[in-house]
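Each chain, letter by letter, is given below.
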Amino acid sequence: MPTTFTPPEIDRHHHISDGNNGQKPPTDKRTGGNGDGDGDNFSNRPQGHRGPRERLSQARVGLFFALGGDLMFFVALVSVFFVTKASGHFDAYSHFINEWLPTAIPTILWLNTAVLLLSSVTAEVARQAMFREHDAMDEWFGIGRPISKRATLWLSLTLFLGGLFLAGQWAAWDQLAAQHVFFRTNPSSHFFYLITITHALHLFLGIIGLIAALMFLQFSRSLSTRQVVVDTTVWYWHVMGILWVFLFLLLEYGQ
Amino acid sequence: MSRLTDHRTIGFGYLLLSLLAVLIGTLLSLAMRAHLAWPNWPLPLHGPILPEEYLALVTMHGTLMLFFVLTVAPQSGFSNLILPAQIGSRHMAFPRLNALGLYLTALALFTLLAAFFVPGGAPIGGWTAYPPLSETALAGPGQGLGMDLWLASIAIFSIASTLSSINTLTTILKLRCEGMTWQRLPLTVWGWFTAALLSVLAFSVLLAALLLLFCDRHLHSAFFLPAQDLVNGVLLQHHGDGSPLLWLHLFWFFGHPEVYIAILPGMGLTSMVIANFAHRRVFAYRLMIATTLLIGFLGILVWGHHMFVAGLNPFAGTAFSISTMAIAIPASAKVLSWLATLWRSRPTLSTPMLFALGFVSLFITGGITGPILAQPILDEYLHNTFFVVAHFHLIMAMAGIFGLFCAIYYWAPLLFHRTLSEPLGKLHFWATILGAYSTFLPMHFTGLAGEPRHYAQLSGVAGPATDLLQSTLPLQRHITASAIFLVCAQLPFLLNLILSLRRPAQHLDNPWQATTMEWAPNALTPHPTEDQTIVYREPCHYSDSGKEFLTQWSTASTFSPEPE
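Predicted model, so just to flag it, every value in this text is computed and none were measured.

**Student:** Looking at this structure, how should I read the overall build of chain A?
**Tutor:** A tally of helices and strands in chain A yields 7 helices and 2 strands. Moving toward the C terminus, one meets the helices and strands of chain A in the order α-α-β-β-α-α-α-α-α. Here chain A, with 255 residues, has 32% of them falling under the buried criterion.

**Student:** What is the right way to look at the overall build of chain B in this model?
**Tutor:** Secondary structure summary: chain B contains 16 helices and 4 strands in total. Taking 564 residues into account, the globule formula puts the C-alpha radius of gyration at 24 Å, and chain B, at 24 Å, falls close to it. In terms of principal-axis extent, the alpha carbons of chain B reach across some 75 × 50 × 50 Å. Residue burial in chain B is summarised as follows: out of 564 residues, 55% are buried.

**Student:** For this particular structure, what's the right way to read the packing of helix H3 (residues 108-130) of chain A against helix H7 (residues 223-253) of chain A?
**Tutor:** What describes two packed helices is the angle between their axes and the distance between those same axes. Residue and element names in this part refer to chain A. Following both chains from N to C, one finds H3 and H7 inclined at 155°, their axes separated by 9 Å at the closest point. The orientation of H3 relative to H7 falls into the category roughly antiparallel. Note on packing geometry: the crossing formed by H3 with H7 is left-handed. Here Leu-109, Thr-113, Leu-116, Leu-117, Ser-120, Ala-123, Glu-124, Ala-126, Arg-127 and Met-130 of H3 lie close against H7, whose contacting residues are Arg-226, Gln-227, Val-230, Asp-231, Val-234, Trp-237, His-238, Gly-241, Trp-244, Val-245 and Phe-248. Along the lines of polarity and charge, the residues of the contact of H3 with H7 split into 12 nonpolar, 5 polar and 4 charged.

**Student:** I would appreciate a short explanation of the interface of chain A and chain B in the present structure.
**Tutor:** When the parts come together, some accessible area is lost, and that loss is often what is quoted as the size of the interface. Contact residues are listed per partner, giving 35 residues for chain A and 41 residues for chain B. For the side of chain A that touches chain B, the secondary-structure elements that each account for two or more residues are helix H2 (52-86) and helix H6 (187-219) of chain A. The leading source of residues in the side of chain A that touches chain B is H2(A), at 16 residues.

**Student:** Even after reading the chapter, I still don't get the environment of A:His95, so can you show me in this structure?
**Tutor:** When you line up the elements, A:His95 lands in the loop between strand S1 (89-90) and strand S2 (96-97). In this structure the C-alpha to C-alpha distance between A:His95 and A:Thr122, which are 27 residues apart in sequence, comes to 53 Å.

**Student:** Please explain helix H5 (residues 146-178) of chain A as it appears in this structure.
**Tutor:** An α-helix turns once per 3.6 residues; consequently, residues spaced three or four apart project the same way. Residues and elements named next belong to chain A. Spanning 33 residues, H5 covers 48 Å between terminal C-alpha atoms, matching the ideal 48 Å at 1.5 Å per step. Here H5 has its buried residues at Ile-147, Ser-148, Ala-151, Trp-154, Leu-155, Thr-158, Leu-159, Leu-161, Gly-162, Phe-165, Gln-169 and Leu-176. Contact partners of the buried residues in H5: H3, helix H4 (133-141), H6 and H7. Phi turns positive one or two residues past the end of H5, at His-180, with a value near 60°.

**Student:** Explain the environment of B:Val282 to me, please; I cannot follow it from the model alone.
**Tutor:** All names here are of chain B. Looking at where Val-282 falls in the secondary structure, it is placed in the loop between helix H6 (244-278) and helix H7 (285-300). On the neighbour-count criterion, Val-282 (25 C-beta atoms within 10 Å) is buried. For Val-282 and Thr-341, which are 59 residues apart along the polypeptide, the C-alpha to C-alpha distance reads 5.7 Å. Aside from chain neighbours lying at most four places away, what touches Val-282 is Leu-187, Ser-271, Ala-275, Met-288, Ser-337, Thr-341 and Cys-540.

**Student:** Is there a simple way to explain the nonpolar core in this structure?
**Tutor:** In this structure, B:Val205, B:Ala209, B:Ala399 and B:Cys406 are the most contacted members of the largest nonpolar core, which totals 185 residues. In terms of residue count, helix H5 (residues 187-218) of chain B provides more of this core than any other element does, 22 residues in total. When neighbours within four sequence positions are excluded, B:Ala209 is seen to be in contact with A:Ala76, B:Trp247, B:Leu250 and B:Phe251. A:Leu109, A:Ala129, A:Met130 and A:Leu161 belong to the second largest nonpolar core, which has 29 residues in total.

**Student:** What is the right way to look at the environment of B:Thr369 in this model?
**Tutor:** With respect to the element layout, B:Thr369 can be found in the loop between helix H10 (351-367) and helix H11 (370-373). In this structure the C-alpha to C-alpha distance between B:Thr369 and B:Phe440, which are 71 residues apart in sequence, comes to 13 Å.

**Student:** I keep staring at the confidence of the model for chain B and nothing clicks. Help me out?
**Tutor:** Parts of the model with low pLDDT should not have their predicted coordinates read in detail. With 98% of its residues at a pLDDT of 70 or more, chain B has an overall mean of 92. For this predicted complex, the interface confidence reaches an ipTM of 0.93, while the overall pTM sits at 0.92.

**Student:** How should I be thinking about helix H14 (residues 422-448) of chain B in this particular structure?
**Tutor:** Over its 27 residues, H14(B) runs 39 Å from end to end, which matches the ideal 39 Å to within 8%, given 1.5 Å per residue. Where H14(B) terminates, the next one or two residues include B:Gly450, which has phi positive at roughly 105°.

**Student:** Sorry, what's going on with the packing of H3(A) against H5(A) here?
**Tutor:** All names here are of chain A. Put simply, H3 and H5 touch, their axes get as near as 8 Å, and they point 165° apart. Accordingly, the angle class assigned to the pair H3 and H5 is roughly antiparallel. In this structure, H3 crosses over H5, and the sense of that crossing is left-handed.

**Student:** It is not clear to me how unusual backbone geometry should be interpreted in this structure. Could you clarify?
**Tutor:** Residue and element names in this part refer to chain B. The step from Pro-131 to Pro-132 runs through a cis peptide bond, and the omega angle for that step is 5°. With respect to the helices and strands, Pro-132 occurs in the loop between helix H3 (95-114) and helix H4 (145-174). Unlike most non-glycine residues, Asn-510 shows phi in positive territory, near 50°. For Asn-510, the location among the structural elements is in the loop between helix H16 (491-502) and strand S3 (541-542).

Thresholds applied
- Residues take numbers from 1 onward in each chain, read along the sequence in its written order.
- Ligands are numbered from 1 and chains lettered from A, in the order in which they are written.
- Side-chain atom pairs in this predicted model are given and counted only at pLDDT of 80 or more, local residue features only at pLDDT of at least 70, and totals for whole chains, interfaces and linings cover all residues.
- Helix numbering and strand numbering both begin at the N terminus, where a helix is a DSSP run of H or I of at least 4 residues and a strand a DSSP run of E of at least 2.
- In this scheme every C-beta is placed from the backbone, and a residue whose C-beta has 20 or more other C-beta atoms within 10 Å is buried, one with 12 or fewer is exposed, and one in between is partly exposed.
- With C-alpha atoms as the basis for the radius of gyration, the globule rule is written as 2.2 Å multiplied by the number of residues raised to the power 0.38.
- Only the stretch in contact is used when fitting a helix axis, every axis being a line fitted to C-alpha atoms; angles between N-to-C directions are given from 0 to 180 degrees.
- In this scheme, roughly parallel covers angles under 35 degrees and roughly antiparallel covers those over 145, while 65 to 115 is roughly perpendicular and the rest are oblique.
- If you view the pair so one helix is near and one far, a crossing is left-handed when the near helix is turned anticlockwise from the far one by less than a right angle, and right-handed when it is turned clockwise.
- Once C-beta atoms are placed from the backbone, any two residues with those atoms within 7 Å are in contact.
- For this classification, the nonpolar set comprises Ala, Val, Leu, Ile, Met, Phe, Trp, Tyr, Cys and Pro, the charged set comprises Asp, Glu, Lys and Arg, and every other residue, Gly included, is treated as polar.
- The length a helix should cover is 1.5 Å for every residue beyond the first.
- Here, a nonpolar core means buried Ala, Val, Leu, Ile, Met, Phe, Trp, Tyr and Cys residues linked by C-beta atoms lying within 7 Å of one another.
- One confidence number per residue, pLDDT, is output by the predictor and ranges from 0 to 100.

Structural data, given as structure tokens:
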């Protein structure tokens, strides 16, 4: 029979908020026991008190809906892309005139795409690092900060690669401008700029997220907060990467 | 938790914004009605209303009411005030995101109102902002800076609504208390849930459409503008072959779900309030959950019925016509459930119950013209007449407002710690329903007679139309008088609020004998109590005689005698 540190009848009246309220991280330091050897099983606690896993899934669900809405934004843009590409008008001689001229996509976009995909890999390494059980235990007990250090390294790399991607996009806009291709040049160039700029804005939000995650890794005292922030930022980053691949293929082969 | 991110503070904030918007929107509608009945009457402090000013009134009235009243109050306001308690939670999933939603909504409202004060004044393109006239400042006063402010306001509003919906959805998904299974969720929560799903899907598409319209206006693209388009005799220099129809598709893909966002919470509340005051179980509870979701789903597929006369392919029109009439099936199922719940019960006719019954009445009256308008051939005649104005004001505006009044009277003990006065409430109800029908029913007749929407003036038009429009003028005067009566009918409500708030707070313990979780003892205390919240059964657990009931939080397994 395991040693009982906290008698169950006291324990039952010992609900501590797990920090859903934006306040201090949980300080629930109960050590378990509870007679039946199952006192640390989060599943036996009331809903809303089942520990870090609950916060994490809550943040992920929120992100899921946010990205769902975002996806609809791009679905609308891409729908208009196809409608515009197919539309034209009849001139005075009854000729069908379609003004759409495909915009030549700068080859640097291939490089940018590779950089962005690579950044997703580094982000994923950081995310996985946050959940390595052995190191997480060390950090939970305050022995050291092995996983935060690891994640900081990989997230910084992601931040660098993300910045490189945005710089690459900027270079692509520059190259097109040098060829006198601007937003207003042609319906197809409207979409090149609309799609790349709205995606770049989303990626910029991701960069703010990465910077926030790095700050949290540095200054947050709660391990679960650090895990949640890194996890959601990285998932957002992945989705923006996949979205970019789709948008890039659309621009490259769909025009 | 900080007071600023507390969901109840945020809920009251949303209600205050709505109150401001509804006051302004109502004044605008009175000015419109006065102008239609007495075209030469000068507006005090302003002078005669010019045609373009009439259009600005139409635009701002529609925008304020649709976005800032019918979307904000039921979906954002009451969901913040009541939803957490109804699912047995003490907080919402993302308090700071929630607060950001409120601030952005306030910013959107003030941006919109600023349009009144810029050169050219408020936009005149209607709340739907159809191109090509929304594309250029050449189209009229207000289509310059005023229209830009409108675009900015609605874009901010879209983001705010999306943030607020993400919070609502996550809260419902993750923070239900022990025992609160999906089938035990009150129908109000199902209404908020479905409306929030629709918001996330629809507002993003609106945002994209607004962005494209902005590009058309300022960056010389032509997503919604046909080639060689002349506006006021000026050739517009844009690149591309766009189509106004494309805007209509994008706008109504948002716009139609939007009307369900406005009405679904009201439907859910009506179900719960009728069951509560009839002391009956909700008839076919699971079917009511299914119809809520089905109305939401079909609501996404019907947007084309706004475009029958806009040049839509007739085959597409037929498809949209079918999907639109299909939505009558879940809607009728809801009406039947409300009637079946009431059937041979002895309902207590308190004010909240009266407003719920008023909701049912208006929903039926407004609803039966739906299948008529859903047929392209009939819509062709009726689309640009007041018949449509009558239809959507009854089913969306009036039913929506009755849902809101029902919510305020029903939840007053939770919102203000006081019940509102019953005699004043009943006076308010009877005057309001009389005014509502008296104002909007005759619009069907003027519409059938051919009275067009959006016309600033009905007299003095050249040609044979003169006689036609002249013949509707007596009814016009009646409608205007009714509208003034309808506005005055709100005075007992304001008086009621003021008088009740001046009384000392009472401690009210489940005054309506309701069964849902928001009435549980301490359901609204911000901090968790020692005992955890557990739900034991579905809501509206009344005995067959209606005399006994079990609340969702009651641990008893058999009916206990009613208190008193």
